[in-house]
Amino acid sequence: MTNEDARELESELARLHQEHRDLDVAIDALHQSPAPDLLRLQRLKKRKLLLRDRIAFIEDQITPDIIA
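Cut-offs applied
- Residues numbered from 1 in each chain as written.
- Predicted model: local features only at pLDDT ≥ 70, side-chain atom pairs only at ≥ 80, totals over all residues.
- Heavy atoms only, no water.
- Helix = DSSP H or I, 4+ residues; strand = E, 2+ residues; numbered from the N terminus.
- Rg over C-alpha atoms; globule rule 2.2 N^0.38 Å.
- Buried < 20%, exposed > 50% of the residue type's maximum accessible area, 1.4 Å probe, protein only.
- Axes fitted to C-alpha atoms, helices over the stretch in contact; angles between N-to-C directions.
- Parallel < 35°, antiparallel > 145°, perpendicular 65-115°, else oblique.
- Left-handed = near helix turned anticlockwise from the far one by under 90°.
- Nonpolar A, V, L, I, M, F, W, Y, C, P; charged D, E, K, R; others polar.
- Core = buried A, V, L, I, M, F, W, Y, C linked by side-chain atoms within 4.5 Å.
- Salt bridge = Lys/Arg side-chain N within 4 Å of Asp/Glu carboxyl O.

An unreviewed UniProt entry annotates the protein as DUF465 domain-containing protein originating from Bradyrhizobium canariense.

See the structure below:
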């Protein structure tokens, strides 16, 4: 992996972490509303899970394999 590839992955990782945090806030706000939109809540949670999987994949790409 080149330095440029690593920088691109780090940049994407930062963006995904920010989006994940934003979804946390949105989900909490929906939970606090008097009549939460359950379909929207379900979609946000699904998006958050997809982001978590993508974050884990990128972190695995960045972290070198170390054989102990």
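Engineer: Hey, could you run me through the overall build of the protein in this one?
Structural biologist: Counting its secondary structure elements, the protein contains two helices and zero strands. At 16 Å, the protein has a C-alpha radius of gyration far larger than the 11 Å of a compact globule built from 68 residues. Its C-alpha atoms give the protein principal-axis dimensions of about 50 × 25 × 15 Å. Sorting the 68 residues of the protein into buried and exposed places 18% on the buried side.

Engineer: I keep staring at the packing of helix α1 (residues 3-32) against helix α2 (residues 38-62) and nothing clicks. Help me out?
Structural biologist: For any two helices packed against each other, one specifies the inter-axial angle together with the distance between the axes. Relative orientation of the contacting elements α1 and α2 amounts to 155 degrees, with a least axis distance of 9 Å. As the angle between them shows, α1 and α2 are arranged roughly antiparallel. When you trace α1 past α2, the crossing you get is left-handed. For the contact of α1 with α2, the residue count by class is 13 nonpolar, four polar and 11 charged.

Engineer: Is there a simple way to explain the side chain of His20 in this structure?
Structural biologist: Mapped onto the fold, His20 is located in helix α1. Owing to a relative accessible area of 19%, His20 belongs among the buried residues under this scheme.

Engineer: Explanation requested: the nonpolar core in the structure shown.
Structural biologist: In summary, soluble globular proteins display a tendency toward joint burial of nonpolar side chains. Membership of the largest hydrophobic core is limited to 11 residues, which are Leu9, Leu13, Leu16, Leu23, Ile27, Leu30, Leu41, Leu44, Leu51, Ile55 and Ile58. Contributions of two or more residues to this core are made by α1 and α2. Tallying contributions element by element places α1 first for this core, with six residues.

Engineer: Looking at this model, I keep getting lost on the pattern of salt bridges. Mind explaining?
Structural biologist: When charged atoms on two side chains of opposite charge get close, those side chains can pair. By the definition in use, this model includes five salt bridges. One salt bridge in this structure joins Glu12 and Arg54, with 3.2 Å as the shortest N-O distance. Taken together, the residues span a long stretch of sequence, with Glu12 in helix α1 and Arg54 in helix α2 at a distance of 42 residues. Accessibility expressed as a relative area gives 23% for Glu12, which makes it partly exposed.

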